[in-house]
Amino acid sequence: MALALLGSTALTAVTAQAADKEISWIYCGDTIDPVHTKYIKQWEEKNAGWKVTPEVVGWAQCQDKATTLAAAGTPVAMAYVGSRTLKEFAQNDLIVPVPMTDDEKKSYYPHIVDTVTFEDTQWGVPIAFSTKALYWNKDLFKQAGLDPEKPPKTWAEEIEMAKTIKEKTGIPGFGLSAKTFDNTMHQFMHWVYTNNGAVTDAEGKVTLDSPQILAALKAYKDIVPYSEEGPTAYEQNEVRAIFLDGKVAMIQAGSGAASRLKETKIAWGIATLPLGPDAKGPGTLLITDSLAIFKGSGVEEKATEFAKFITSPDVQSEYELQGGAGLTPLRPSAKVDEFVAKDPYWKPLIEGINYGGPEPLFTDYKGFQNSIIEMIQSVVTGKAEPEAALKKAAGEIEAFK
């Protein structure tokens, strides 16, 4: 009888275990988005015996935590990561591929899939997407004698308008990001992609030291005198805060700025980013964050299934079109068309996609990022001329490929 009871208890334990399979998810941020909470519950209801357990980790620590656990051999099933890290994870055999069908690839806006692709394989599922547009303060344009309805279309116009505003009003004409912070590199890449530039070519060769990127760095130098004082103290959200206070005339920002501007009395406009001399059309850096499926969790297949569900078109559009998060839609859709018709500010944020480009994928992404930031800061502070700073950075990032 004792043996029979023991067997029965063991069977019950196995059954309970089978009914409680877990997909652990490192979720970056302060709280879980209500849209995700809603659809996690829906997925669990349709997948009996499975539970998704998000662990909310602050933005500054979440990626490091996912990496540490994976390297220690105790990976979570899935983590929210910057797509820029996928190459490093893949080369260290920490994540599994998440291949896409042709139909899945075609559902996204151009170049989105490139942000998660390395050696013709997809290594993550995009969940968040950011582009930038130019915002301008119409009141400051008017005070400076400029037409408030005509934003700059080229870098030359942008620099000249920033100069006029600074000289006529005393208020900085442009908000420049040069702080030791990741989005300083991002802000510069918007200039790269509005001049048909690229950090690496299709074969992975470093092409940083090119006429297109040199022109971007020179434009950065030229606009410094008409920007806020001490740009090395500011990252993009801090620059946005100055703009929201009416203390700078133009900034590069995502959709989050538009949702915040609605709560102010500022007369503002939004347009595609101004173009450099070699531009083929409106451009922007295409930044995505992705869900990476970690190797060794034992639930890789089911985690992949859930990742594709939580980023599926209907769920994703509900999540990203809330405005305040600063996200750009990942896919075209009738719902996106409705939002553009209702809030035209979405249009320039989407128009820049066609000529935009992805974050370059490096094995040592932080090394690459730090070299670019150092390059920018050396030019902004006048410690180096653009030509010398660019050559130095190009030589350094060869080691980070």
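Our structure is the block above this text.
Below or above, wherever it landed, is the structure these notes cover. Here the structure is a predicted model, which means the values were calculated and not measured.

Here is what the cut-offs are and how they apply
Residues numbered from 1 in each chain as written. Predicted model: local features only at pLDDT ≥ 70, side-chain atom pairs only at ≥ 80, totals over all residues. Heavy atoms only, no water. Helix = DSSP H or I, 4+ residues; strand = E, 2+ residues; numbered from the N terminus. Rg over C-alpha atoms; globule rule 2.2 N^0.38 Å. Buried < 20%, exposed > 50% of the residue type's maximum accessible area, 1.4 Å probe, protein only. Contact = heavy atoms within 4.5 Å. Areas by Shrake-Rupley, 256 points an atom, 1.4 Å probe, with all protein chains shown as cover. Polar contact = N/O pair within 3.5 Å; in protein donor to acceptor, adjacent residues only side chain to side chain. Lys, Arg positive; Asp, Glu negative; His and termini not counted. Salt bridge = Lys/Arg side-chain N within 4 Å of Asp/Glu carboxyl O. Disulfide = S-S within 2.5 Å. Pairing = 2+ DSSP bridges. Core = buried A, V, L, I, M, F, W, Y, C linked by side-chain atoms within 4.5 Å. Domains from an automatic or database assignment. Axes fitted to C-alpha atoms, helices over the stretch in contact; angles between N-to-C directions.

Details of the overall build of the protein chain
Inference 1: Counting its regular elements, the protein chain contains 17 helices and 11 strands.
Inference 2: Relative to the 2.2 N^0.38 estimate, which gives 21 Å for 401 residues, the radius of gyration of the protein chain is 23 Å and therefore close to what a compact globule would have.
Inference 3: Counting over 401 residues, the protein chain shows a buried share of 53%.
Inference 4: Considering only intrachain contacts with a sequence separation of at least 6, the fraction spanning at least 24 residues in the protein chain is 77%.
Inference 5: Total accessible area computed for the protein chain in this model is approximately 17800 Å², and 53% of it derives from carbon and sulfur atoms.

A word on the environment of Ile32
Inference 1: In this fold, Ile32 is placed in the loop between β1 (21-28) and α2 (34-46).
Inference 2: Classification of Ile32 by relative accessible area gives partly exposed; the value is 26%.
Inference 3: Sequence spacing of Ile32 and Glu45 is 13 residues, and the spatial spacing of their C-alpha atoms is 19 Å.
Inference 4: Sequence-distant contacts of Ile32, that is, excluding residues within four places in its chain, are made with Tyr27, Thr37, Pro54 and Val56.

Describing the side chain of Gln122
Inference 1: Within the secondary structure, Gln122 is located in strand β5 (residues 121-122).
Inference 2: Using a relative accessible area of 4% as the deciding quantity, one classes Gln122 as buried.
Inference 3: A distance of 3.2 Å separates a polar atom in the side chain of Gln122 from the backbone nitrogen of Met100.
Inference 4: For Gln122, the side chain forms a polar contact with the side chain of Thr117, separated by 3.2 Å.
Inference 5: Not counting residues within four places of it along the chain, the set of residues in contact with Gln122 comprises Pro97, Val98, Pro99, Met100, Lys105, Val113, Val116 and Thr117.

Section: the side chain of Glu228
Inference 1: Checked against the element boundaries, Glu228 lands in the loop between α9 (211-223) and α10 (236-244).
Inference 2: Within the buried core, Glu228 has no salt-bridge partner, and the shortest N-O distance to an opposite charge, that of Lys166, equals 8.6 Å.
Inference 3: Looking at Glu228, its side chain comes within polar contact range of the main-chain nitrogen of Leu176, at 2.9 Å.

Remarks on the state of the cysteines
Inference 1: Counted by the stated rule, this structure contains 1 disulfide.
Inference 2: Two residues share a disulfide in this structure: Cys28 and Cys62, whose sulfurs sit 2.0 Å from each other. Between Cys28 and Cys62 the sulfur-sulfur dihedral comes to about 95°; the bridge is accordingly right-handed. One end of the pair, Cys28, is in strand β1; the other, Cys62, is in helix α3 (residues 59-71), with 34 residues separating them in the sequence. Accessibility assignment for this pair places Cys28 and Cys62 in one class, buried.

Structural notes on the pairing of strand β7 (residues 133-137)
Inference 1: Of all 5 residues making up β7, 5 are buried, and the element is well covered by its neighbours.
Inference 2: In this structure, β7 lies alongside strand β8 (residues 250-253), joined through 4 bridges in antiparallel fashion. When the bridges of β8 are listed, Leu134 appears paired with Gln252.
Inference 3: Across 4 bridges, β7 lies against strand β9 (residues 268-271) in antiparallel orientation. Across the sheet, residue Asn137 finds its bridge partner in β9, namely Trp268.

Focus: the nonpolar core
Inference 1: If you look at the biggest cluster of nonpolar residues, it comprises 76 residues, and the most contacted ones within it are Trp25, Tyr135, Phe294 and Phe306.
Inference 2: Mapped onto the domain boundaries, this core takes at least three residues apiece from domain 1 (21-129 + 288-356) and domain 2 (133-283 + 362-398).
Inference 3: Those residues in contact with Phe294 that lie beyond four places of it in its chain are Ala66, Ala70, Pro75, Val76, Ala77, Met78, Ala79, Phe89, Leu94, Ile95 and Glu300.

Quick word on the sheet that holds β9
Sheets are built from strands that pair by backbone hydrogen bonding, the pairs being arranged parallel or antiparallel.
Inference 1: Pairing within the open sheet is antiparallel, and its 3 strands lie in the order β8-β7-β9. Only two strands of the sheet have a single neighbouring strand rather than two, namely β8 and β9. Taken pair by pair, the neighbouring strands of this sheet meet at an average axis angle of 25°, ignoring direction.
Inference 2: Packed on one face of the sheet, α10 meets β7 and β8 and runs near 135° to β8.

Some thoughts on the environment of Ile23
Inference 1: Along the chain, the position of Ile23 falls in strand β1.
Inference 2: Sequence-wise, Ile23 and Met78 are 55 residues apart; in three dimensions their C-alpha atoms are separated by 7.3 Å.
Inference 3: With near-sequence residues (within four places) excluded, Ile23 lies in contact with Trp43, Trp50, Lys51, Val52, Thr53, Ala77, Lys302, Ala303 and Phe306.

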